[in-house]
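Read off the chains here:
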Amino acid sequence: EKVHVNTEAKKYSVYIGDGIVDQLPEVIQSQVPDCGKILIITDSNVAPLYLNKVKGLLDGFSVNEWVVPAGETSKSMRELEKGITYALRCELDRHALIIALGGGVVGDLAGFIAATYLRGIRFLQIPTTLLAHDSSVGGKVGVNHTYGKNLIGAFHQPEAVIYDVQFLNTLPAKEWRSGFAEVVKLAFIRDATFYDFLFEKVRSLPVNKEILITIVKRAIEMKAAIVSEDEKEAGIRAYLNFGHTLGHAIEAESRYQSITHGEAVMIGMIFALRLSEVHSHQPIIPKGFLAWIHQLGYANWHATLNKSNLLLETMKKDKKNKKDKIRMVLLKECGSATVSAVENQLLIDQLSTFKE
Ligand code: NAD
Ligand code: ZN
């Protein structure tokens, strides 16, 4: 399976399949002409599982590796500088290729190193998480600042993405939930038929490989379509923030520790769905939705929301806001999104009933 991603800057392919990483040498040959030295960047969880496998495919290339500590804290200026120092020591030149082997953290960090090293060298992504369907498309790369997430970065498109679903065999349950929440999000904002497919076929996580390939392919197609449409018509990309206004606030409150990004977004989506109903005076939450996600292992949200004032303050800092009003992505119906300003009082009321 192959999905083509077209951006103004570049066209590239996302190869999706079971065992497809074996095609890495051919992909490099066809997509990275004159490939010089290779630097594989990965993290301390992924390295013991898959680094040897990937290195084994690169016979005949000059390969170096750099392993960062697993976790969000590696998306930092410190690791960026270390990575660049390491690349310099390995004497990577403009023909070099960086391979990002891992989840969104490794993808964002390695992509930013590739974007800045010698004013930009080529990179290729080998995602290993479900959430990476999101992070590997769109070309956003970067690191965090102590003042906030993703405040330093660039747009840098990969030469190719090789998404081998076999890597997801070892993914922890909460990381499955994290990635799956973003898949459900895409269905909510764009594709009611896809929502019905997910609701029917995904009765527990993880899913089998056949369904997984279908899901990843559809999710990547949708993300790619939204990103390329947004290059022409600004705004659509904002729909990707569905569930993220409250989600980001919850994540910040948990200091990015106890709850994954997607799990926080799932809570944010439930909240945004309820607001959408109040806003439009219509039923929008699909029948059986709450029971379904509960069955998939998403925790009850009551316990996590204890300081609604703090959440509100954090939500007010959201980038989408204009003046003092909080702007949120709401649904008109399942499969169709819109951005609306929401009155503070309504938010306060909804946050307090949401906890019950
Ligand atoms: P992650 O890269 O931290 O991976 C999650 C955890 O799973 C880590 O502990 C990792 O070591 C482990 N892991 C990864 N693959 C594994 C495997 N196959 N088996 C076992 N363990 C594995 O996080 P993520 O959820 O993939 O990505 C989150 C990051 O992505 C955030 O920093 C976020 O900002 C970024 N992101 C970027 C974009 C973008 O457009 N660039 C979009 C969405 C998210
Ligand atoms: Zn997200």
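Quantities reported herein were computed from a predicted structural model and do not represent experimental measurements. (Residues numbered from 1 in each chain as written. Chains lettered and ligands numbered in written order. Predicted model: local features only at pLDDT ≥ 70, side-chain atom pairs only at ≥ 80, totals over all residues. Heavy atoms only, no water.)

Draft legend 1. Geometry of the coordination of the zinc ion (ligand 2). Coordination of the zinc ion (ligand 2) by the protein involves Glu182 (OE), His244 (NE2) and His261 (NE2), with metal-donor separations of 1.9 to 2.1 Å. We classify histidine 244 as buried; its relative accessible area is 5%. The buried category is assigned to histidine 261, whose relative accessible area is 19%. (Donors = N, O, S within 2.8 Å, 3.2 Å for Na, K, Ca; no water. Buried < 20%, exposed > 50% of the residue type's maximum accessible area, 1.4 Å probe, protein only.)

Draft legend 2. Representation of helix H4 (residues 104-116) in the model. Taking 1.5 Å of rise per residue, the 13 residues of H4 would be expected to cover 18 Å, and the 18 Å separating its terminal C-alpha atoms lies within 8% of that figure. Of all the 13 residues making up H4, 12 are buried; the element is thus mostly covered by neighbouring parts of the structure. Buried within H4 we find Gly104, Val105, Val106, Gly107, Asp108, Leu109, Ala110, Gly111, Phe112, Ile113, Ala114 and Ala115. Backbone geometry just after H4 places leucine 118 at a positive phi near 50 degrees. (Helix = DSSP H or I, 4+ residues; strand = E, 2+ residues; numbered from the N terminus. Expected span 1.5 Å × (residues − 1).)

Draft legend 3. Summary view of the side chain of histidine 261. Its place among the elements puts histidine 261 in helix H10 (residues 261-280). Polar side-chain contacts of histidine 261 include one of 3.0 Å to the side chain of glutamate 251. Contact partners of histidine 261, with chain neighbours within four places excluded, come to Leu131, Ser178, Glu182, His244, His248 and Glu251. (Polar contact = N/O pair within 3.5 Å; in protein donor to acceptor, adjacent residues only side chain to side chain. Contact = heavy atoms within 4.5 Å.)

Draft legend 4. Expanded view of the environment of isoleucine 152. Checked against the element boundaries, isoleucine 152 lands in strand S8 (residues 148-155). Its relative accessible area of 22% is what places isoleucine 152 among the partly exposed residues.

Draft legend 5. A look at unusual backbone geometry. Of the consecutive residues leucine 205 and proline 206, the connecting peptide bond is found in the cis state with omega at -5 degrees. Inspection of the secondary structure assignment puts proline 206 in the loop between helix H7 (192-201) and helix H8 (209-232). Although it is not a glycine, aspartate 34 sits at a positive phi angle of roughly 60 degrees. You can see aspartate 34 is positioned in the loop between helix H1 (24-31) and strand S3 (38-43). With a phi angle near 55 degrees, histidine 281 is a residue other than glycine that sits in the positive phi range. Looking at the element boundaries, histidine 281 is found in the loop between H10 and helix H11 (289-295).

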